[in-house]
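What follows is each chain in one-letter form.
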Amino acid sequence: MKQHNIAGIILSIIGLVLSIFPYALWKLTEKWKSRDASEPSALYRTTLRIVGAVFLIAGVLLAIGMLK
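Residues numbered from 1 in each chain as written. Predicted model: local features only at pLDDT ≥ 70, side-chain atom pairs only at ≥ 80, totals over all residues. Heavy atoms only, no water.

Okay, the environment of Ile64 next. Positionally, Ile64 belongs in helix H3 (residues 42-64). When its relative accessible area of 57% is taken as the criterion, Ile64 is described as exposed. It is 8.0 Å that separates the C-alpha atoms of Ile64 and Gly8, two residues lying 56 residues apart in sequence. (Helix = DSSP H or I, 4+ residues; strand = E, 2+ residues; numbered from the N terminus. Buried < 20%, exposed > 50% of the residue type's maximum accessible area, 1.4 Å probe, protein only.)

Each aromatic ring pair is described using two quantities: the centre-to-centre distance and the angle formed by the ring planes. Taken as a whole, this structure holds one aromatic pair when the rule is applied. Taking 5.7 Å as the distance between ring centres and 35° as the angle between the ring planes, the aromatic pair formed by Tyr23 and Trp26 counts as tilted. Note that Tyr23 and Trp26 are positioned in helix H2 (residues 22-29) at a spacing of three residues, about one turn of the helix. By relative accessible area, which is 6% here, Trp26 ends up buried. (Phe/Tyr/Trp six-rings, centres within 6.5 Å; stacked < 30°, edge-to-face > 60°.)

Moving on, we get to the pattern of salt bridges. Counted under the stated rule, the structure contains one salt bridge. Linking Lys33 and Glu30 is a salt bridge whose minimum nitrogen-to-oxygen distance equals 3.3 Å. (Salt bridge = Lys/Arg side-chain N within 4 Å of Asp/Glu carboxyl O.)

Here the focus is the side chain of Asn5. The topology assignment puts Asn5 in helix H1 (residues 3-20). The buried category is assigned to Asn5, whose relative accessible area is 17%. Within polar-contact distance, the side chain of Asn5 engages the backbone oxygen of Ala63 at 2.6 Å. Dropping the residues within four chain positions of it, Asn5 is found in contact with Leu62 and Ala63. (Polar contact = N/O pair within 3.5 Å; in protein donor to acceptor, adjacent residues only side chain to side chain. Contact = heavy atoms within 4.5 Å.)

Once that is clear, we can look at the environment of Val54. Secondary-structure assignment places Val54 in helix H3. Given the relative accessible area of 51%, Val54 is considered exposed.

All right, on to the confidence of the model for the protein chain then. Residues of the protein chain with pLDDT of at least 70 account for 99%, and the chain-wide mean is 90. Across the protein chain, element-level confidence peaks in H3 with a mean pLDDT of 94 and bottoms out in H2 with 90. (pLDDT = per-residue confidence, 0-100.)

This is the structure we're talking about:
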C-alpha cells in the first residue's frame, strides 16, 4: 500500500467519526469550556458534519488514487 492510500483510509475514518458522532466529539473536546454545558449548538453539529463529509470525500479520493 502506498502512503496516499493509507492517508485516504485515515481521512475516511476521521470523516466518518466527525459525521456520525458530533455530540461525542463535543463532549470530549468542548464541554469543559462552557459554563452551561448542556449540549452543542446546531451550528457546531452542522459544521462538524460538513467537515466530516469533506474529509470522507477527500479520503475516498486519496484511497482510490484520484488525488495525490
